[in-house]
Amino acid sequence: AIILYLLGLFYYGGLSRDGGPEMFRYLGVLQRIAICYLAGGILFLNFRFRGLLISCAGLLIGYWILMTFVPVSGHGAGNYEEGKNLANYLDQHYLPGYKWDGDWDPEGLLSTLPAIATGLLGIFAGLILFRPDLSQWKKFSQLVMMGAICLLVGWLWGSQFPVIKKLWTSSFVLLTAGWSCLLLATFYLVIDVYNIRTWARPFVWIGMNPIAIYMLANLLGFSGLVRRVVHQELVDAINPWGHLLVALLSLLLAVGICYVLHRKRIYVRV
């Protein structure tokens, strides 16, 4: 967790911004992963399934209570608009350093709570896959059931607590977990049950070096490299397909680098 957090500080510029240490981005994507990994690991090591389930529900419901019933100065309670909600208010007043959206951050202080619940939902999926007493078809069906339940609850909850990614709302957590479970179940069925694997090799290359390719994407700037090769004039000439071309070529570059690293058995691990 510490290593991931420090990589996050480096990824977002470290001390390169004017202003010194107070301009660190203290909470970002890698920092959030680090915090959620640490919290999820501690909970997993100290609680059985029931305790983990209660923890997950408590985080989602507790976040909803705070966001819905705690009033924000000048805007009241239950307001989820940008700059008028509790999560943004706490970032504005209590989160130091550089913030991604000006006065607040999409990976901010309060929204870390439901993000931990996202990690716990991933742990639940892992527990299903690692159960030795379940057949492959039962694992598949349980993943589908988990995904369907998350989707239903998230959709119903979203009518009152909207699906907002930048606030990491509880409904957003459940909807994304639901789709993730269904996709995981589909991949499990195709790759593990039916043993159709050749097409999935690029995912293996990426999955063996996720941190490396994530850091390289920032250090090298894949889209910038692609634009130098294809020339910005060409990109502008075939708009809006030009931006799609840049994105696809950037993705191919990333996959190609992962392939080379995999062939040479170079793996950067945290």
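Here is what the cut-offs are and how they apply
Residues numbered from 1 in each chain as written. Predicted model: local features only at pLDDT ≥ 70, side-chain atom pairs only at ≥ 80, totals over all residues. Heavy atoms only, no water. Helix = DSSP H or I, 4+ residues; strand = E, 2+ residues; numbered from the N terminus. Buried < 20%, exposed > 50% of the residue type's maximum accessible area, 1.4 Å probe, protein only. Contact = heavy atoms within 4.5 Å. Areas by Shrake-Rupley, 256 points an atom, 1.4 Å probe, with all protein chains shown as cover. Lys, Arg positive; Asp, Glu negative; His and termini not counted. Charge placed at Lys NZ, Arg CZ, Asp CG, Glu CD. Polar contact = N/O pair within 3.5 Å; in protein donor to acceptor, adjacent residues only side chain to side chain. Axes fitted to C-alpha atoms, helices over the stretch in contact; angles between N-to-C directions. Parallel < 35°, antiparallel > 145°, perpendicular 65-115°, else oblique. Left-handed = near helix turned anticlockwise from the far one by under 90°. Nonpolar A, V, L, I, M, F, W, Y, C, P; charged D, E, K, R; others polar. Core = buried A, V, L, I, M, F, W, Y, C linked by side-chain atoms within 4.5 Å. Phe/Tyr/Trp six-rings, centres within 6.5 Å; stacked < 30°, edge-to-face > 60°. Lys NZ or Arg CZ within 6 Å of the ring centre and 35° of its normal.

Participant: How should the overall build of the protein be read in this particular structure?
Facilitator: Check the secondary structure of the protein and you find 11 helices and zero strands. Counting helices and strands in the order they occur from the N terminus, the protein gives α-α-α-α-α-α-α-α-α-α-α. Each principal axis of the C-alpha atoms in the protein carries an extent, and together these give about 55 × 55 × 40 Å. When burial is assessed residue by residue, the protein has 37% of its 270 residues classed as buried. In the protein, once contacts between residues fewer than 6 apart in sequence are set aside, the share between residues at least 24 apart is 61%. Only carbon and sulfur atoms are counted for the fraction: they give 69% of the accessible area of the protein, which is about 15,600 Å². Each charge class in the protein can be summarised by its mean position, and for the 20 positive and 13 negative side chains these summaries are 16 Å apart.

Participant: Even after reading the chapter, I still don't get helix α4 (residues 86-94), so can you show me in this structure?
Facilitator: Residues lying three or four places apart along an α-helix face the same way, a consequence of the helix completing one turn every 3.6 residues. Those residues of α4 that fall on the buried side of the exposure criterion are L86, A87, N88 and D91. Considering only its buried residues, α4 is in contact with α3 (49-69). A side-chain oxygen of the first residue of α4 lies 3.2 Å from the backbone nitrogen of A87; this N-cap is N85.

Participant: What should I look at first to understand the packing of helix α6 (residues 136-157) against helix α7 (residues 170-193) in this one?
Facilitator: Here α6 crosses α7 at 160 degrees, and the two axes come no closer than 7 Å. Compared by their axis directions, α6 and α7 come out roughly antiparallel. Where α6 crosses over α7, the handedness of that crossing is left-handed. Class assignment of the residues belonging to the contact of α6 with α7 gives a composition of 22 nonpolar, seven polar and two charged.

Participant: So what exactly am I meant to see when it comes to the nonpolar core here?
Facilitator: Across soluble globular proteins, nonpolar side chains show a tendency to be buried alongside one another. Grouped together as the largest cluster of nonpolar side chains are 39 residues, with contacts concentrated most on C56, L60, Y63, M67, L121 and M146. When residues of this core are traced back to their parent elements, those giving at least two are α2 (29-46), α3, α4, α5 (112-129), α6 and α7. If one sorts the elements of this core by residue count, α7 sits on top with nine residues. Those residues in contact with M146 that lie beyond four places of it in its chain are L121, F124, A125, I128 and C181.

Participant: Mind showing me how you'd approach the packing of aromatic side chains here?
Facilitator: Each aromatic ring pair is specified by the distance between its two centres and by the angle formed by the two planes. Tallied over the full model, the rule gives 18 aromatic pairs. Ring centres of Y11 and Y12 lie 4.9 Å apart, and the angle between their planes is 80 degrees; this geometry places the pair in the edge-to-face category. Like Y12, Y11 is buried. Considering the side-chain rings of W199 and F203, the 5.9 Å spacing of their centres and the 80 degrees angle between planes classify their relative orientation as edge-to-face. Relative accessible area serves as the criterion here: at 51%, F203 is assigned to the exposed category. The rings of Y63, W64, F69, Y80, W157 and F161 are connected pair by pair, giving a single aromatic cluster. Over the aromatic face of Y12 sits the side chain of R25, whose NZ or CZ is 4.4 Å from the ring centroid.

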